[in-house]
Amino acid sequence: MAKTAPVRFQLALGSAEGQRFPDSALRVVSPAYKSLDIGLLIVGALVGSFRLPTAKEDYKGSSVDTVKHPVYADLMKGLHDSIEEWRIAQGAKAYENPVSVRPDTFALVYTEYGAEKPTYDLVIETTVFRKADSAGWLAAPAVVHCQDAYSDPALTLEQWEADDYAAVKAKGREHTRTCIDRVKAEFARLFAD
């Protein structure tokens with residue numbers, strides 16, 4: 001049997017449908033960003049401008065460049081291995097269009113604005129999508145969205161930062177496993193022609 005080329009992968013770093021750009025590294029959103037947003041709302045109201053407050057998950061925050069989104073570590077490799085195993089079991093069919101993976105959100109976000117010593121939730125989102133080989137130019141791709149929020153136990157920022165962000169990295173590995181399982185359950189839809 002002739003060997004066919006493996007499925008191609010690409011990292012999608014553009015924004016999704018008008019959303020903010022993906023988090024390639026850990027983003028930390030402290031209550032100070034809400035204070036800044038409230039200040040901007042007040043100034044805007046005084047000059048006749050009106051807008052709704054921004055969701056705390058969408059604040060810019062500060063970046064921890066040494067801690068990358070799980071997609072850069074194990075998720076892409078795990079997906080590749082799982083897809084190749086499945087593809088070979090299906091008769092080693094070749095696919096033209098790549099599988100795209102977007103690291104949507106990777107953020108520690110404060111839980112409660114007024115808390116004296118706030119706790120933080122870890123939010124990790126990854127989107128995996130692929131357009132069918134027979135699909136037209138304007139056809140929508142099949143999409144699998146992986147979203148996990150870790151808040152139990154409630155940890156302070158210092159606890160998340162401990163041991164070079166060990167708790168964040170452990171939850172990143174957990175997200176990787178659950179996301180790969182979600183995508184595996186959707187292989188037939190992702191690779192439908």
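Conventions adopted
Residues numbered from 1 in each chain as written. Predicted model: local features only at pLDDT ≥ 70, side-chain atom pairs only at ≥ 80, totals over all residues. Heavy atoms only, no water. Helix = DSSP H or I, 4+ residues; strand = E, 2+ residues; numbered from the N terminus. Contact = heavy atoms within 4.5 Å. Areas by Shrake-Rupley, 256 points an atom, 1.4 Å probe, with all protein chains shown as cover. Disulfide = S-S within 2.5 Å. Buried < 20%, exposed > 50% of the residue type's maximum accessible area, 1.4 Å probe, protein only. Patch = residues over 30% accessible without salt bridge, like charges linked within 9 Å, V, L, I, M, F, W, Y side chains within 5 Å. Salt bridge = Lys/Arg side-chain N within 4 Å of Asp/Glu carboxyl O. Pairing = 2+ DSSP bridges. Expected span 1.5 Å × (residues − 1). Bend = angle between axes of the 7 residues up to and from the residue. Core = buried A, V, L, I, M, F, W, Y, C linked by side-chain atoms within 4.5 Å.

Peer 1: So what's going on with the overall build of the protein chain? Residues and values would help.
Peer 2: Looking only at helices and strands, the protein chain features four helices and six strands. The order of helices and strands in the protein chain, counted from the N terminus, is β-β-α-β-α-β-β-β-α-α. Residue pairs at least 24 apart in sequence account for 77% of intrachain contacts in the protein chain once pairs closer than 6 positions are excluded. Carbon and sulfur atoms form 57% of the exposed surface of the protein chain, whose accessible area is close to 11,000 Å².

Peer 1: An account of the state of the cysteines is requested, with residue identities and associated values reported.
Peer 2: As enumerated under the stated definition, the model contains one disulfide in all. With its sulfur 2.1 Å from that of its partner, Cys 146 forms a disulfide with Cys 179. Between Cys 146 and Cys 179, the S-S torsion sits near 75°, and that sign places the bridge as right-handed. Taken together, the residues span a long stretch of sequence, with Cys 146 in strand β6 (residues 142-156) and Cys 179 in helix α3 (residues 157-185) at a distance of 33 residues. Here Cys 146 and Cys 179 have matching classes, each one buried.

Peer 1: Which residues make up a nonpolar patch on the surface, and what values do they have?
Peer 2: A surface patch of nonpolar side chains, amounting to about 250 Å² of accessible area, comprises Leu 11, Leu 13 and Tyr 72. When you line up the elements, Leu 11 lands in strand β1 (residues 9-11).

Peer 1: Would you mind going over the pairing of strand β5 (residues 119-130) in detail, with residue names and values included?
Peer 2: A large share of β5 lies buried, amounting to 10 of its 12 residues. Here strand β4 (residues 99-110) runs beside β5; their pairing, made up of nine bridges, is antiparallel. When the sheet's bridge partners are listed, Thr 105 is paired in β5 with Glu 125. Bridge count between β5 and β6: 11 bridges; the pairing is antiparallel. Along β6, the bridge assignment pairs Val 123 with Ala 149.

Peer 1: Which residues make up α3, and what values do they have?
Peer 2: Between its first and last C-alpha, α3 extends only 35 Å over 29 residues, short of the 42 Å set by a 1.5 Å rise per residue. Its axis deflected by about 110° at Asp 163, α3 carries its strongest bend there. Of all the positions in α3, only Leu 157, Trp 160, Tyr 165, Val 168, Gly 172, His 175, Thr 176, Cys 179, Ile 180 and Val 183 are classed as buried.

Peer 1: How would you summarise the nonpolar core if you had to cite specific residues and measurements?
Peer 2: Residues Leu 26, Leu 108, Leu 122, Trp 160 and Val 168 are the most contacted members of the largest nonpolar core, which totals 19 residues. Elements with a contribution of two residues or more to this core: β2 (25-29), β3 (62-68), β4, β5, β6 and α3. Setting aside residues no more than four positions away along its own chain, Leu 122 makes contact with Leu 26, Phe 106, Ala 107, Leu 108, Asp 148, Ala 149, Tyr 150, Trp 160, Val 168 and Lys 171.

Peer 1: Lay out unusual backbone geometry with the relevant residues and their values.
Peer 2: Omega for the peptide link from Asp 152 to Pro 153 comes to 5°, which places this bond in the cis form. In this structure, Tyr 165 is a non-glycine residue whose phi angle is positive, near 60°. Considering the arrangement of structural elements, one finds Tyr 165 in helix α3.

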